[in-house]
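Read off the chains here:
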Amino acid sequence: MAGTRRIGGVIHTYQKYDPQRFPSPTQEPPDMVSPAFDHWLAFGGKRELTDEELARAVHIDPGQIAGLGPSIDALIAMLLERKRKILAKYETDTVQQLAGREFLHAAAGLQPPAKFSDRFAHAVREEQLYDLERLWYAAGNDRSPFARGLLQVMERLGDKYQVDELAAKYDFIGRSPLTVPEALAVKEELEKIDELLNQLEQARQNAQIAVIDMEALAEYAEPGDMERLQQLQQQVEDYLREMAERQGLTSEKGAFQLTPQAYKLFQGKLLERIFSELQASRTGRHQGPILGEGAVEQQQTKEYEFGDSITHMDIPQSMINAMLRGGTELPLQLKAEDIVVHRTRNTPKCATVVVMDMSGSMRYDGQYINVKRMGLALNGLIRSEYPGDYLHFVEMYTFAKPRPSGEIIDLLPKPVTIFDPVVRFRVDMSRDDISEFQIPPHFTNIQHGLQLARRFLTAQDTPNRQIILITDGLPTAHFDESWLYLLYPPDRLTEDATMREGRLCQREGITINIFLIPSWSQSEEDIRFAYRLAESTRGRVFFTAGRDLDRYVVWDYIKRKREIVA
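Each chain has its residues counted from 1, following the order in which its sequence is written. Residue-level local features of this predicted model are given only where pLDDT is at least 70; pairs of side-chain atoms are given and counted only at 80 or more, and the full residue set underlies all totals for whole chains, interfaces and linings. Just so you know, side-chain values use all the structure's heavy atoms and leave hydrogens and water out.

**Some remarks on the pairing of strand β8 (residues 390–396)**
Then, in step 1: Of all seven residues in β8, seven are buried, a share of seventy percent or more.
Then, in step 2: Both faces of β8 are covered, namely the face carrying Tyr390, His392, Val394 and Met396 and the face carrying Leu391, Phe393 and Glu395.
Then, in step 3: Note: two strands are recorded as paired if DSSP finds a minimum of 2 bridges between them. Helix numbering and strand numbering both begin at the N terminus, where a helix is a DSSP run of H or I of at least 4 residues and a strand a DSSP run of E of at least 2. In this sheet, β8 lies alongside strand β7 (residues 351–357) in parallel orientation, the contact comprising seven bridges. Along β8, the bridge assignment pairs methionine 356 with glutamate 395.
Then, in step 4: Here four bridges tie β8 to strand β9 (residues 400–403), and the two strands are oriented antiparallel to one another. Exposure classes here rest on a 1.4 Å probe applied to the protein chains alone. A residue is buried below 20% of its type maximum, exposed above 50%, and partly exposed in between.

Next up, the structure:
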């Protein structure tokens, strides 16, 4: 067509942010509760969780930030280009030699006292900053010419360390030489760029905009890009704060606090994770119905048999059966063959006390976090699936204390206050001038934990009673009447006292199941003692660690429940 004007030029498409559609309504809301609980499990409920910490912990769909603000990819490309130009401009061989000469020159100009001359010469020859620091402390007078000169030598050696690190860490391909101050400045800039790249990569992967250091990025990005990125960061934080409140995290004075709703949600997520693995192993979650003489009525009925409880009789159906047989004339003649009763299901009650080791050794590898996570999962299981069961928690350290389930999150391993390789300590706790707060708290008193658990379980009207003991090794404390013994390394006296308490549990029909957590100090002796204690009550010993602890405890509880029902 001769006169037709063809469309040409550049067509611009703008993607704008709509605050009403952030994130997509169909997008699964981020899990705010689990990161918050992980924080509190590690630091205890007394540690406040700020908006920034929550934003850093939560991962949301990176698709939610696509097209919003400046492109994350463009910012990464800009920083990579800046880094490439620096590496292409400079070389580091010259500055390495220069830093070495400056160090040797400073050392040559210092005359150490005769008694330090050999140590000084060795430290300079080996380029050992630690030896120079020790020599400075040995000099005594920090204002002496030698001490002040030694500081200069250490400073030059420190510069040499950093220059060598710069040359080893980055591949420079340029030709421009650097002075030592310039090399240190280049090193600082490159490390800043690397940190920003790491932050932007996290933001690109899981939308953690809060991790970006805006002040550092502002040195490289355009002002307009920074303004839009800061707006996006604020929008993400506002969205996360709103989701946190919906999921039971209340914000007061800039810090988040837990609510019962958050507890319930977190326990549900724990159980969901545990049972998703359970289903993968082709093991059913619920036991089948066990019919017979029980307490829970079902809708199904059956004909009356001798011995059935009349309290479960289906009265309307029994009356109808009598009228069908003998008519509606009064009085009705109710016979045994007319009676039907509801079927019932057995629901045997279990009583469990969980003894949680919070001694000083539980801080290694964060084992105490896994113990608390297990406690919350088990509490959630029993509340949701077996509400008739009895569950109680005992915190064990130098002493044993009952703890409600709401206090589990606050438990922390006790600080170590004695570092002597051998401890032999005995104190009469009945004395008025002796308080628990005067006693080192980091020992392991399994005997007291079992004693307290036994007292709780003895009062329960069920034959199905067990103690779940979670610990990492041998006991190091015990009571003998009012006398408290603290004995480290573990002593036979403490083991015997603990075994006596185990036999008392066996006499009461209480089973002790031990979940033995690995520890750096664990030995074959620890394992043998755990077996002796568990076998004395026909219990078992489990070896597990990490996040598997909650799974093993919950699975074992369900297995034991199924065996009791059967």
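**Examining helix α13 (residues 367–385)**
Then, in step 1: Helix span, as expected, comes to 1.5 Å for every residue beyond the first. Over its 19 residues, α13 runs 27 Å from end to end, which matches the ideal 27 Å to within 8%, given 1.5 Å per residue.
Then, in step 2: Burial runs high along α13: 16 of the 19 residues are buried.

**What to know about the pattern of salt bridges**
Then, in step 1: The salt bridge criterion pairs a side-chain nitrogen of Lys or Arg with a carboxyl oxygen of Asp or Glu, the two atoms within 4 Å. Throughout the structure, instances matching the rule amount to 22 salt bridges.
Then, in step 2: Between aspartate 159 and arginine 156 there is a salt bridge, with the nearest N and O atoms lying 3.2 Å from each other. Pair noted here: aspartate 159 and arginine 156 are both in helix α7 (residues 145–169), with a separation of three residues, about one helical turn.
Then, in step 3: Since its relative accessible area comes to 13%, aspartate 159 is described here as buried.
Then, in step 4: Between arginine 528 and glutamate 524 there is a salt bridge whose closest N-O contact spans 2.5 Å. Of this pair, arginine 528 and glutamate 524 both sit in helix α16 (residues 524–535), separated by four residues, roughly a single helical turn. Across the pair, exposure class does not vary: arginine 528 and glutamate 524 are exposed alike.
Then, in step 5: Through salt bridges with shared partners, a single network forms among Glu165, Lys169, Lys187 and Glu191.

**Comments concerning the packing of helix α4 (residues 93–108) against α7**
Then, in step 1: At their nearest, the axes of α4 and α7 sit 9 Å apart, and the two run at 165 degrees to each other. On the basis of their axis angle, the class for α4 and α7 is roughly antiparallel. In the packing of α4 onto α7, the handedness of the crossing is left-handed. Of α7, the residues touching α4 (which contributes Val95, Gln96, Ala99, Gly100, Glu102, Phe103, Ala106 and Ala107) are Val153, Arg156, Leu157, Lys160, Val163, Asp164 and Ala167. Only the stretch in contact is used when a helix axis is fitted, and all axes are lines through C-alpha atoms; the angle between N-to-C directions ranges over 0 to 180 degrees. Orientation categories follow fixed angle ranges, with anything under 35 degrees roughly parallel, anything over 145 roughly antiparallel, 65 to 115 roughly perpendicular, and all other angles oblique. Note on convention: the crossing is left-handed when the near helix lies turned anticlockwise from the far helix by less than a right angle, right-handed when the turn is clockwise. Contact definition: two residues touch when any of their heavy atoms are within 4.5 Å.

**Examining α16**
Then, in step 1: An ideal rise of 1.5 Å per residue puts 16 Å on twelve residues; α16 measures up with 16 Å between its terminal C-alpha atoms.
Then, in step 2: For α16, the full list of buried residues reads Asp526, Phe529, Ala530, Leu533 and Ala534. The arc that holds the buried residues of α16, viewed along the axis, is 130 degrees, so those residues lie on one side. Across from the buried face of α16, at angles greater than 90 degrees, the exposed residues are Glu524, Arg528 and Glu535.
Then, in step 3: Residues of α16 that are buried make contact with α14 (446–458), β11 (465–471), α15 (492–507), β14 (510–516) and β15 (541–543). Here the arc refers to the directions that run from the helix axis out to each C-beta atom.

**Side note on the nonpolar core**
Then, in step 1: Ranked by size, the top nonpolar core spans 32 residues in total, and within it Val354, Val371, Leu378, Ile470 and Leu549 carry the most contacts.
Then, in step 2: Counting only elements with at least two residues in this core, the list comes to α1 (33–43), β7, α13, β8, β11 and α17 (548–565).
Then, in step 3: Dropping the residues within four chain positions of it, valine 371 is found in contact with Met356, Met358, Met362, Ile470, Ile517 and Leu549. To define a nonpolar core, start from buried Ala, Val, Leu, Ile, Met, Phe, Trp, Tyr and Cys residues and group those joined through side-chain atoms within 4.5 Å.

**Some details on the sheet that holds β14**
Then, in step 1: As summarised here, the arrangement of the six strands in space is β9-β8-β7-β11-β14-β15, forming an open sheet in which the pairing is mixed. Strand pairing shows two members of the sheet lacking a second neighbour, β9 and β15, which therefore form its edges. Across this sheet, the average inter-strand angle for adjacent strands is 20 degrees, counted without regard to direction.
Then, in step 2: As defined by bridge partners, β11 adjoins β14 across seven bridges and the pair is classed as parallel. Residue pairing for β14: glutamine 466 is matched across the bridge by threonine 511.
Then, in step 3: Against the sheet, α13 touches β7, β8 and β11, its axis set at about 165 degrees to β8.

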